[in-house]
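Tertiary structure, described
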Amino acid sequence: MAKGKTTVFFCSSCGYESSKWMGQCPSCRSWNTLVEETVNKRSASGGKTGSGAGAHSPGSLPMKLSGITLEDEDKLDTHMPELNRVLGGGIVRGSLVLVGGDPGIGKSTLLLQVCRQLTEDDISVLYISGEESLKQIKMRAQRLGEFGDSLSLLCETDLGIIEDTITKQKPAVVVIDSIQTMFSEEVSSAPGSVSQVREATGILLRLAKSLSVTIFIVGHVTKEGTVAGPRVLEHMVDTVLYFEGDRHASYRILRGVKNRFGSTNEIGVFEMRNEGLIEVGNPSEYMLNGRPGGASGSVVVCAMEGTRPLLIELQALVCRTSFGIPRRQTTGADLNRVNLLMAVLEKRVGLKLGECDAYVNVAGGMKLNEPAVDLGIVLAIVSSFKNIVIPQDVAAFGEVGLSGEVRSVSMAKERVREAYKLGFGTCILPKSVSGQMSGIDGNVKLVFVDSVKEALDCL
Ligand code: TYD
Ligand code: MG
C-alpha cells in the first residue's frame, strides 16, 4: 500500500468514514458531525486498525474448544458490590472496560477508588493520567483514604511510552484517564479525533489480550461532537459502562450497556460525598427519602433495573389549562406514553382530561421507560385530577393497554418482595400474575386488578 497522508472524513458521533464531506451522516443520520482528519495510510489505513487487531497474533492456529483450559478465570474482587454487580461479578482478567460519562460526573474518582480497593489485596495497578498532574491525583487520593503500596501513577499521553511501560511492568490492572488525551505517532490527527481514539483503543486492546492485563478506559461523552465520543469504540471493547446522574443530585448511576462477561442493564448506585463515592446498597429507600405525606398525585411504582427492583415515587400534577392547547410535560417518564395513557383514561374511564395540563415527574431524577410503570402514571394522574390522596403505603405496577386493561409484567414477585421489604402494606398489580405469588408473606395486601377502572376503584 502506498505510504503518505490522505484526508478522510469521520462522523464524530458514530465513527462513519467517508472520502468526501457530507452534511448528514448516512449511518447515524446526525447533521454536521463529519470532521476532516488526515490519516497515515501506513498505520491506520483509514483508522480501522483497532477493530479486531487485538484478537490475532502472527502465528495463531485454530484450537479445539475442548483443548482450551481456563486457568485463573477467577475475577478480581473490587470489594465494591455495586461495581461488581455491573461488571458481572468482578474484574475479568485481560478485559477492556470503557467507562463513559459527562465530564465531572466522577469517572476519575470511581476508578481511583477501584485502584484503592485493589491495592488492599496487593494487586499491582498502574494509573495513567493524561489530564491531571501527579500532585492533583495525590490530592484526590488523600480525600479517598489510605492506599496500599501497589499503585503506581504515570502522567503520559504518548501511547508508545505507555505500551512500553505496561509491557515492562506487567501490572494486573491499568487505568487510562482519558482516551481522548492519548495519541499515537502513527496517526497524524489531533488527540481526541476519531482516528486517534480508535488507534489508541486498538493498541490497548492488543495489549490487554496479549498480556492479560485488564484495562479501564475513561471516555468523556460530549454533546457538541467536537471530541470523538466513546460511542465509536463501543464495538471494540468488552464492557461498556456509563456513569450517569443529575449534576444537581448527589447520586450517580453506573449502568452496564454492553458486557461480554455478564448481563447488561444492571445498575450500581453511588452517592458522591466529600470523601468520594459511597455505595448505596438500598436504592429504593434512598429514592423514597423526603416523600411528601398527604399530597395528591403521588404514588410509588415498582420498576426494575436489570434484575433489581426499585421503588420510586411518581408525581403528577393535573390542572385546567389556561390556553387553547393543553400542555403536557414529563421529567423522567416517556411523554408519548403519558399522552397515550391520558387518552386511555379519557376514552375508557370517561375523565375529561382534554382541557387539562399535565405534568409528570419521576422523583429523584431517575428515568423510567418500562411499561410496568403505566399503572403508576395512571394512578398519579387520576389522584391529582380528582384530588384524592393515595395512602403512603401503596405501591403499584402493571402495563396498561389501549382498551384500559392491566397486563402482566415480568418479575412480578421480585417487585412485590421489594415493596414488602420496605414496609409497604398494599400492592396494586395485574390479575394475570396472581399465580406467581406463592411464598409471599401475608403481611402485604395484594390487590389484583384486571382493568384501569378496577384499579381506580381502590383509591
Ligand atoms: P471527577 O472524578 O474528576 O470527574 P470526571 O473524571 O468524570 O471528569 O469528579 C469530579 C467531581 O467530583 C467534582 O465536581 C468534585 C467531586 N468530588 C467529590 O464530591 N468528592 C470527592 O471525594 C471527589 C474526589 C470529587
Ligand atoms: Mg477525570
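Our focus in this paragraph is the site of ligand 1. Ligand 1 sits among 16 residues. The nearest are G104, K107, S108, T109 and R273. A distance of 2.5 Å separates an oxygen atom of ligand 1 from a polar atom in the side chain of S108. Within the contact set of ligand 1, an oxygen atom lies 2.6 Å away from a side-chain nitrogen or oxygen of T109. Elements with a minimum of two residues in the shell around ligand 1: α3 (107-120), α4 (134-144) and β11 (267-273).

With that settled, consider the confidence of the model for the protein chain. Here the protein chain averages 86 in pLDDT, and 91% of its residues register 70 or above. Model confidence for the protein chain, summarised as mean pLDDT per element, is weakest for helix α1 (residues 50-53) at 43 and strongest for strand β18 (residues 399-400) at 96. Low confidence marks residues 43-56, where pLDDT is under 50. Its contacts with residues over four positions away, or in another chain, come to 28 contacts.

Right, let's talk about the packing of helix α5 (residues 159-169) against helix α6 (residues 194-211) for a bit. At a closest axis distance of 11 Å, the pairing of α5 and α6 adopts a crossing angle of 10 degrees. Taken together, the axes of α5 and α6 are roughly parallel relative to one another. Residues L159, E163, I166 and T167 of α5 form the contact with α6, whose own contacting residues are A200, I203, L204, R206, L207 and L211. Taken together, the residues of the contact of α5 with α6 sort by class into seven nonpolar, one polar and two charged.

With 48 residues, the main nonpolar core has L314, L345, L375, L379, I381 and I428 as its most contacted residues. Take this core: its biggest share by element is seven residues, from helix α9 (residues 374-386). For this core, the domains that each give at least three residues are domain 2 (75-281) and domain 3 (286-457). Residue contacts for L375: discarding those within four places in its chain leaves A396, F397, G398, V400, V406, I428, V449 and A455.

Note on terminology: a disulfide is the covalent bond linking the sulfur atoms of two cysteines. Applying the stated criterion to the full structure yields zero disulfides. No disulfide involves C155; its nearest neighbouring cysteine sulfur is the one of C115, lying 13 Å away. In this structure C155 comes out as partly exposed when scored by relative accessible area, which is 33%. C427 takes part in no disulfide bond, and the closest cysteine sulfur to it belongs to C302, at a distance of 4.8 Å.

This brings us to the sheet that holds strand β14 (residues 308-320). Strand pairing in a sheet is mediated by backbone hydrogen bonds. Such pairs are either parallel or antiparallel. The sheet built from seven strands is open, its strands ordered β15-β16-β14-β13-β17-β20-β21 with mixed pairing. The open sheet has two edge strands with one neighbour each: β15 (328-331) and β21 (445-449). Sheet twist, expressed as the average angle between the axes of neighbouring strands with direction ignored, equals 25 degrees. Pairing of β15 with strand β16 (residues 356-362), which is carried by four bridges, proceeds in the parallel orientation. By the bridge assignment, Q329 is partnered in β16 with Y359. The strands that α9 touches are β13 (298-305), β14, β16, β17 (394-396), β20 (426-430) and β21; relative to β14, the one it contacts most, it runs at about 35 degrees.

What follows covers the pattern of salt bridges. Oppositely charged side chains may form a pair once their charged atoms are brought near each other. A complete count under the given rule lists 17 salt bridges for this structure. Among the salt bridges present, the one from E132 reaches R140, with a minimum N-O distance of 2.5 Å.

Here the focus is the sheet that holds strand β4 (residues 96-101). Ordered in space as β6-β5-β7-β8-β4-β9-β10-β11-β12, the nine strands form an open sheet in which the pairing is mixed. Each having just a single partner strand, β6 (151-155) and β12 (276-279) make up the two edges of the open sheet. Across this sheet, the average inter-strand angle for adjacent strands is 25 degrees, counted without regard to direction. Sheet topology places β4 next to strand β8 (residues 214-220); six bridges connect them, and they run parallel. Bridge pairing in β8 links G101 to H220. Against the sheet, α5 engages β5 (125-129), β6 and β7 (173-177), with an angle of about 170 degrees to β5.

The rules we used
Each chain has its residues counted from 1, following the order in which its sequence is written. Lettering of chains starts at A and numbering of ligands starts at 1, both following the order in which they are written. In keeping with the model being predicted, local features are shown solely for residues with a pLDDT of at least 70 and side-chain atom pairs are shown and tallied solely at 80 or more, while totals for entire chains, interfaces and linings include all residues. To get the side-chain values, all heavy atoms of the structure are used, and hydrogens and water are removed first. One heavy atom suffices: a residue is near a molecule or strand as soon as one of its heavy atoms comes within 4 Å of it. Polar contacts here mean pairs of N or O atoms no more than 3.5 Å apart (in protein, one a potential hydrogen donor and the other a potential acceptor; neighbouring residues in sequence count only if both atoms are side-chain atoms). Strands are runs of DSSP state E lasting at least 2 residues, helices are runs of H or I lasting at least 4, and numbering of each runs from the N terminus. The pLDDT value expresses, per residue, how confident the predictor is, ranging between 0 and 100. When checking whether two residues touch, look at their non-hydrogen atoms; a contact exists if any pair is within 4.5 Å. For helices, the axis comes from a line fit to the C-alpha atoms of the stretch in contact; other axes are also lines fit to C-alpha atoms, and the angle between any two N-to-C directions lies between 0 and 180 degrees. Oblique is the label for any angle not covered by the other classes, which are roughly parallel (under 35 degrees), roughly antiparallel (over 145) and roughly perpendicular (65 to 115). Side-chain classes are defined by residue name, with Ala, Val, Leu, Ile, Met, Phe, Trp, Tyr, Cys and Pro counting as nonpolar, Asp, Glu, Lys and Arg as charged, and the others, Gly among them, as polar. Think of a nonpolar core as a cluster: buried Ala, Val, Leu, Ile, Met, Phe, Trp, Tyr and Cys residues, connected wherever their side-chain atoms sit within 4.5 Å. Buried, partly exposed and exposed residues are distinguished by accessible area as a fraction of the type maximum, computed with a 1.4 Å probe on protein chains only: under 20%, between the cut-offs, and over 50%, respectively. As used throughout, domain bounds are those supplied by an automatic or database domain assignment. When two cysteine sulfur atoms are found within 2.5 Å, that pair is recorded as a disulfide. Paired strands, in this sense, are two strands between which DSSP finds at least two bridges. Salt bridges are identified by distance alone: a Lys or Arg side-chain nitrogen within 4 Å of an Asp or Glu carboxyl oxygen.

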